[in-house]
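Observations on the three-dimensional arrangement
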Amino acid sequence: MKIIYTDTLVVGAGLAGLRVAIASKERGLDTLVLSLIPAKRSHSAAAQGGMQASLGNTVKGMGDDEDVHFQDTVKGSDWGCDQQVARMFAHCAPKAVRELANWGVPWSRVTKGDREVIVNAEKVTLTEAEQAHGLINARDFGGTKKWRTCYTADGTGHSLLYAVDNKAISMDIPVHERMEALKIIHDGKRCHGVIARCLITGELRAYIAKSTTIATGGYGRIYEVSTNAIICEGIGQALALETGVATLGNMEAVQFHPTAIVPVGILTTEGCRGDGGILRDKDGYRFMPDYEPEKKELASRDVVSRRMTEHMRKGKGADSPYGPHLWLDITLLGRKHIETNLREVKEICENFLGIDPAKDWIPVRPTQHYSMGGIRTKHTGESPQLSGLFSVGEAACWDMHGFNRLGGNSLAETVVGGMIVGKYVADYGEQHHLEVDTALIEQFGTVLQKEIDRLIDGDGTENPFELKLAMQKIMMDYVGIFRNGNELQKAVDELSDLLVRSRNIGIKTKKRHANPELVEALRVPRMLKVALTVACGANARTESRGAHSREDYPQRNDKDWLNRTLSSWPDSNALVPELTYEALDVMKMELPPGYRGYGVDNAIVHPDTQKRQQQIDAILAELGDVDRYAKQAAIMPFELPEALRPKNERLSDTLSAFGDKA
Ligand SMILES: Cc1cc2nc3c(=O)[nH]c(=O)nc-3n(C[C@H](O)[C@H](O)[C@H](O)COP(=O)(O)OP(=O)(O)OC[C@H]3O[C@@H](n4cnc5c(N)ncnc54)[C@H](O)[C@@H]3O)c2cc1C
């Protein structure tokens, strides 16, 4: 087996992985990236609506800053996130947007003067300030106080990925494409790299590195219908799980996006509603204001998805051969706006539905969309259990999203997280040496080789494609938007049965090189383990928080469940993961748990909440008249690499004319 040595290995060439690679290479470290596909085809390219950063350039963004972004993110997470990480993130997001502009992202810009927009289904005229002319624009998104989502029409992921990949190319960072990582090499304490299989030749290769960053994206495709690309199968999470040492965090936290088209599940961006689109039922009635009078269609995603499902359960869905759905109406935005700012949505409607969204309503239904859970890391992005193993982006549970991520906070996480974690990865590379026993490398290579031999030469009878479909259906039927104990237990039992069956997979195509059946046979047992972490985590969590909504436990229970689920798989023969919990410490929170602003306020209160609030009030009273940075630092200090600490500048901080318009 060929062995390739490098300082920094990054598995995944989406936005998060590439941004880490750039940070490492900037420090002079030898850096190498692996990817299933060419970097520019990574799933990040599919992101449409934009990324959040509190620039505060537009009239509707006036008064925005890191504090507001932080509070929106914590409330969005239903208090499930790591608040220090949310702070690191909110502080660096404006820096990342500006850096991307510097790397060539053609952000939509503010034009001074009047412009007509749709707010709450009515035409409104906004007047942009002279001083804002030419600065980066932002649109409205769900669950946010300010218009904060920076965008390039509805192709934001595409332009970001092209700019970041071009930057990586300009720095001579090699991407080994069509290489699938299938084992993490480790000695129980330290990670040494991966064994990967070439999808073209079938060759196994060992990549040995001082640090290894898993940036393989989400696990949406364990569900039957998902907005995710078909390569988002959770293999990165499975590799970490199979170490038996590293943990996954909050795997049950799975987001369903309100507006994917029916039946195929392709996304229409939240930007449609952010720009003024509304939801209608089978009678053409706009129902969201009845459920959420304040935020209406722009409530948090988990809330809108639940309200839509509730409304369809009342028989208000439009009938279709593919089951009931609701309508997304963007006709009120006008053709010019759609053809300028929602071009991808228009093409998706034309190509996949045969309709013109400037004239016709779009059939939509909530659909699996985002993985809040992932490889558990510290704030540095490193696994708490395996030194040298890092994770970033959707693959990770860095934990700025908790139990629900806000729209626009994920693209932002890839580039902001990549920027921050990349610096810690580079530190690690500078401070450590390669220390690996080649016998250990061979040992991991042999295990994988035997697995492949057994699939090709063995007499297994199970069909991997059938097992995968069965898994996806179980996840859709029993681990969806609304969950309950009976169905979750059924999911766990049935998934465990499938896991047993997956040990007897046999394949008909015996080729060792390019062979999709072999690829599937290697992935399906791993995907089943990931699916089991989701189902078991959801079954055990007897409360409702963010996207995890239990019909049998409808209250958020801070008293018993203000914690993070950790899943590991120490016994490779086990049929379920081991679950443990990591408490979130209320006494260290900047924003103690409170009312999120949706529905009835019925959370079961944590015993420390009041105490912490009193402590914060006392700190603030003692500080007296100091600026917001000093207040924040006194309540909850957070760490950041030196270069990222400087304050962000905003027009609204300096121009009183802007202040007047806030
Ligand atoms: C349709 C859609 C629209 C979205 N729109 C927005 C939006 O407007 N705003 C927003 O904030 N978020 C949005 N998101 C979410 C956001 O796009 C993703 O969360 C983000 O891009 C994930 O980036 P990533 O770098 O973590 O992973 P990805 O971009 O998924 O990259 C994963 C990489 O890992 C590689 N890989 C995977 N497995 C392996 C393996 N075993 N070995 C080697 N390589 C591997 C792949 O080849 C790929 O290069 C959207 C998501 C979808 C589905």
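Rules used throughout
Residues numbered from 1 in each chain as written. Predicted model: local features only at pLDDT ≥ 70, side-chain atom pairs only at ≥ 80, totals over all residues. Heavy atoms only, no water. Pairing = 2+ DSSP bridges. Helix = DSSP H or I, 4+ residues; strand = E, 2+ residues; numbered from the N terminus. Axes fitted to C-alpha atoms, helices over the stretch in contact; angles between N-to-C directions. Contact = heavy atoms within 4.5 Å. UniProt positions renumbered as here; feature names shortened; annotations may be inferred. Buried < 20%, exposed > 50% of the residue type's maximum accessible area, 1.4 Å probe, protein only. Salt bridge = Lys/Arg side-chain N within 4 Å of Asp/Glu carboxyl O. Near = heavy atom within 4 Å. Polar contact = N/O pair within 3.5 Å; in protein donor to acceptor, adjacent residues only side chain to side chain. Areas by Shrake-Rupley, 256 points an atom, 1.4 Å probe, with all protein chains shown as cover. Nonpolar A, V, L, I, M, F, W, Y, C, P; charged D, E, K, R; others polar. Parallel < 35°, antiparallel > 145°, perpendicular 65-115°, else oblique. Core = buried A, V, L, I, M, F, W, Y, C linked by side-chain atoms within 4.5 Å. Disulfide = S-S within 2.5 Å. Left-handed = near helix turned anticlockwise from the far one by under 90°. pLDDT = per-residue confidence, 0-100. Domains from an automatic or database assignment. Buried area = accessible area lost by both parts, 1.4 Å probe.

1. A look at the sheet that holds strand β12 (residues 254-261)
- Here we have four strands laid out as an open sheet, ordered β12-β15-β14-β13, and antiparallel in their pairing. Every other strand in the sheet has two partners, leaving β12 and β13 (278-280) as the edge strands with one partner each. Within the sheet, the average angular offset between the axes of one strand and its neighbour, ignoring direction, is 45°.
- Across three bridges, the pairing between β13 and strand β14 (residues 326-329) is antiparallel. Across the sheet, the residue bridging to Leu-279 is Leu-328, located in β14.
- Its contacts with the sheet put helix α8 (residues 301-316) on β12, β13, β14 and β15 (362-371), and the angle it makes with β12 is roughly 60°.

2. Points about the UniProt feature "active site" (unreviewed entry) in the chain
- UniProt records the feature "active site" (unreviewed entry) for Arg-301 in the present numbering.
- Within the element layout of this structure, Arg-301 appears in helix α8.
- For Arg-301, a relative accessible area of 5% gives the class buried.
- Discounting chain neighbours no more than four positions away, the residues touching Arg-301 are Phe-141, Gln-255, Phe-256, His-257, Pro-258, Glu-270, His-369, Asn-404, Arg-405 and Gly-407.

3. Digging into the pattern of salt bridges
- As enumerated under the stated definition, the model contains 59 salt bridges in all.
- Asp-275 serves as the salt-bridge partner of Arg-139, at 3.0 Å between the closest nitrogen and oxygen. You can see Arg-139 sitting in the loop between β5 (122-128) and β6 (149-150) and its partner Asp-275 sitting in the loop between α6 (271-274) and β13, a full 136 residues away along the chain.
- Of the charged contacts in the structure, one is a salt bridge between Arg-526 and Glu-451, with a shortest N-O distance of 3.0 Å. On the criterion of sequence distance, the pair formed by Arg-526 in helix α15 (residues 516-540) and Glu-451 in helix α12 (residues 438-457) is long-range, its members being 75 residues apart. Across the pair, Glu-451 and Arg-526 agree in class, each one buried.
- The structure contains a network of salt bridges with shared partners spanning Asp-78, Glu-252, Asp-302, Arg-306, Arg-541, Glu-543, Arg-545, Arg-556, Asp-558 and Arg-596.

4. Brief notes about the site of the ligand
- Around the ligand, a shell composed of 38 residues is seen, among which Ser-42, Ser-44, Glu-394, Ser-410 and Leu-411 lie nearest.
- For the ligand, an oxygen atom lies 2.6 Å from a polar atom in the side chain of Ser-44.
- The contact in question runs from an oxygen atom of the ligand to an N or O atom on the backbone of Gly-408, over 3.4 Å.
- Burial of the ligand by the protein chains amounts to 98% of its free accessible area of 1000 Å².
- Those elements that provide at least two residues to the shell around the ligand are α1 (15-26), β8 (179-186), β15 and α11 (409-431).
- When residues of the shell around the ligand are assigned to their parent elements, the largest contribution, four residues, is made by α11.
- In terms of residue class, the shell around the ligand is made up of 16 nonpolar, 19 polar and three charged.

5. A look at the packing of helix α13 (residues 464-478) against helix α14 (residues 485-502)
- In contact at an axis separation of 10 Å, α13 and α14 are set at 170° when each is read in the N-to-C sense. Here α13 is positioned roughly antiparallel relative to α14, judged by the angle of their axes. Facing α13, whose interface residues are Leu-467, Ala-470, Met-471, Ile-474, Met-475, Asp-477 and Tyr-478, α14 presents Glu-487, Leu-488, Lys-490, Ala-491, Glu-494, Leu-495, Leu-498, Arg-501 and Ser-502.
- A breakdown of the residues in the contact of α13 with α14 according to their chemical character gives ten nonpolar, one polar and five charged.

6. Observations concerning the nonpolar core
- Core analysis: the largest hydrophobic core is formed by 75 residues, its most contacted members being Ile-222, Val-479 and Leu-495.
- For this core, the element with the most residues is α15, which contributes 13 residues.
- Judged by nonpolar contacts, the second largest core, of 51 residues, contains Val-85, Cys-150, Leu-160 and Val-415.

7. Let's talk about helix α2 (residues 66-76)
- When you tally the buried positions in α2, you get nine out of eleven residues, the bulk of the element.
- Close packing links the buried residues of α2 with β3 (51-52), α3 (83-102), α11 and α18 (628-635).
- The opening residue of α2, the one whose side-chain oxygen lies 2.9 Å from the backbone nitrogen of Asp-67, is Asp-65.
- Once α2 finishes, Asp-78 follows within two positions and takes phi at roughly 60°, a positive value.

8. Here we look at the UniProt feature "domain: FAD-dependent oxidoreductase 2 FAD-binding" (unreviewed entry) in the chain
- Feature annotation in UniProt places "domain: FAD-dependent oxidoreductase 2 FAD-binding" (unreviewed entry) on residues 7-411, given in this structure's numbering.
- In residues 7-411, the share of helix is 27% and the share of strand is 22%. The end C-alpha atoms are 26 Å apart.

9. Remarks on the state of the cysteines
- What the rule picks out here adds up to zero disulfides.
- Sulfur of Cys-272: no disulfide; nearest cysteine sulfur belongs to Cys-349 and is 7.6 Å away.
- In this model Cys-397 remains outside any disulfide bridge; the closest cysteine sulfur is found in Cys-81, 10 Å from its own.
- For Cys-397, a relative accessible area of 1% corresponds to the buried category.

10. Looking at the environment of Ala-168
- Along the chain, Ala-168 falls in helix α4 (residues 156-170).
- On the basis of relative accessibility, which here comes to 2%, the residue Ala-168 falls in the buried class.
- Every residue in contact with Ala-168, bar those within four places of it in the chain, is listed here: Leu-18, Ile-22 and Ile-173.

11. So, the packing of helix α17 (residues 609-623) against α18
- At a minimum axis separation of 10 Å, α17 and α18 run at an interaxial angle of 140°. When the interaxial angle is binned, α17 and α18 end up oblique. Considering the relative orientation of α17 and α18, their crossing is right-handed. In this structure, α17 contributes Arg-612, Ile-616, Ile-619, Leu-620 and Leu-623 to the contact, and α18 contributes Ala-630, Lys-631, Ala-634 and Ile-635.
- Here the contact of α17 with α18 is composed, by residue class, of seven nonpolar, no polar and two charged.

12. Focus on the confidence of the model for the chain
- Summing up the model confidence of the chain, the mean pLDDT is 96 and the portion of residues at 70 or higher is 99%.
- Every residue in residues 657-662 scores below 50 in pLDDT, and together they form 14 contacts with partners more than four places removed in sequence or on other chains.
- Across the whole predicted complex the pTM is 0.97, and at the interface the ipTM reaches 0.99.

13. Observations concerning the domain arrangement of the chain
- Splitting the chain by domain gives domain 1 (255-368) and domain 2 (450-554).
- In this complex, domain 1 contributes nine residues to the contact, which on the side of domain 2 involves nine residues.
- Counting the surface lost from both domain 1 and domain 2, the interface buries some 750 Å², and carbon and sulfur atoms represent 71% of this.
- Counting the surface domain 1 buries against domain 2, the share from its top three residues, Phe-256, Arg-306 and Arg-313, is 63%.
- Where domain 1 meets domain 2, there are one salt bridge.
- The partner of Glu-551 in a salt bridge is Arg-313, and the shortest N-O contact between them spans 2.9 Å.
- Contributions of two or more residues to the side of domain 1 that touches domain 2 are made by β12 and α8.
- Ranked by the residues each element gives to the side of domain 1 that touches domain 2, the list is headed by α8, at six residues.

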